[in-house]
Amino acid sequence: MPLFEIETNAHILITWAEDETQAKVVVQENYPNDDVIRLTKRPRNSWVISKAALGLTEQRLDPCLVARDCLSKAEGDKVHAIRLYMNETGVDLDKARKAIESNMVLGW
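Residues numbered from 1 in each chain as written. Predicted model: local features only at pLDDT ≥ 70, side-chain atom pairs only at ≥ 80, totals over all residues. Heavy atoms only, no water.

**Q** I tried to follow the sheet that holds strand E3 (residues 36-41) on my own but got confused; where do I start?
**A** Two modes of strand pairing occur in sheets, parallel and antiparallel, and in both the strands are linked by backbone hydrogen bonds. Spatially, three strands are ordered E2-E1-E3 in an open sheet, and the strand pairing comes out antiparallel. This sheet does not close on itself; its edge strands, each paired only once, are strand E2 (12-16) and E3. For this sheet the average axis-to-axis angle between neighbouring strands, irrespective of direction, equals 20°. Contacting strand E1 (3-8), E2 and E3, helix H1 (residues 20-30) runs over the sheet at an angle of about 50° to E1. (Pairing = 2+ DSSP bridges. Helix = DSSP H or I, 4+ residues; strand = E, 2+ residues; numbered from the N terminus. Axes fitted to C-alpha atoms, helices over the stretch in contact; angles between N-to-C directions. Contact = heavy atoms within 4.5 Å.)

Here it is, written out as structure tokens:
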């Protein structure tokens, strides 16, 4: 069963559901006053929160490792990988594009 990330106007939910329709039903049943803003099917069946992305560690992440992980999650889709990289690192579009493209050239 796929894992979905659902952002509403008040919450972020992580839930398993058969499809997007069922994921929306979970929101409606549990938070009837919330409006779904974004619904994303996660590329893996687990949810991971990076402590470094939250600023909970003093170690800096290797940008190449992050870029390769984003490419893996995006299954090689460059545009999706750039979006993921921006989300993971907080960098702007140009820096994310350079990181993803340079790792694609290196033979991701």
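Having seen it, we continue.
**Q** Any chance you could explain the nonpolar core here in plain terms?
**A** Here is a general trend for soluble globular proteins: nonpolar side chains tend to be buried in one another's company. Counting residues in hydrophobic clusters, the biggest one holds twelve residues: Val-66, Ala-67, Cys-70, Leu-71, Ala-74, Ala-81, Ile-82, Leu-84, Tyr-85, Ala-96, Ala-99 and Ile-100. The set of elements that each furnish at least two residues to this core consists of helix H2 (63-73), helix H3 (78-89) and helix H4 (93-105). The contact partners of Leu-84, leaving out residues within four places of it in the chain, are Cys-70, Lys-73 and Ala-74. Ile-6, Leu-13, Ala-23 and Val-27 belong to the second-largest nonpolar core, a separate cluster that totals seven residues. (Core = buried A, V, L, I, M, F, W, Y, C linked by side-chain atoms within 4.5 Å. Buried < 20%, exposed > 50% of the residue type's maximum accessible area, 1.4 Å probe, protein only.)

**Q** Quick question: what am I supposed to make of the confidence of the model for the protein chain here?
**A** A low pLDDT score tells you not to read the predicted coordinates there in detail. Averaged over the protein chain, the pLDDT score is 85; the fraction of residues at 70 or greater is 86%. By mean pLDDT, H2 is the weakest element of the protein chain at 87, and H1 is the strongest at 95. (pLDDT = per-residue confidence, 0-100.)

**Q** What is the right way to read the side chain of Lys-73 from this model?
**A** Mapped onto the elements of the fold, Lys-73 is located in helix H2. Residue contacts for Lys-73: discarding those within four places in its chain leaves Pro-43, Arg-44, Leu-84 and Glu-88.

**Q** Could you clarify how one ought to interpret the pattern of salt bridges in this entry?
**A** Opposite charge on two side chains allows them to pair when their charged atoms are near. Under the counting rule described, the total for this entry stands at nine salt bridges. For Arg-42, the salt bridge identified is with Glu-5, shortest N-O distance 2.9 Å. One end of the pair, Arg-42, is in the loop between E3 and H2; the other, Glu-5, is in strand E1, and 37 residues separate them in sequence. Here the two residues Arg-42 and Glu-5 agree in accessibility, since each one is buried. A salt bridge links Glu-88 to Lys-73; the shortest N-O distance between them is 3.2 Å. Of this pair, Glu-88 sits in helix H3 while Lys-73 sits in helix H2, placing them 15 residues apart in sequence. With relative accessibility at 25%, the residue Glu-88 sits in the partly exposed group. By relative accessible area, Lys-73 is classed as buried at 15%. Through salt bridges with shared partners, one network takes in Lys-78, Asp-94, Arg-97, Lys-98 and Glu-101. (Salt bridge = Lys/Arg side-chain N within 4 Å of Asp/Glu carboxyl O.)

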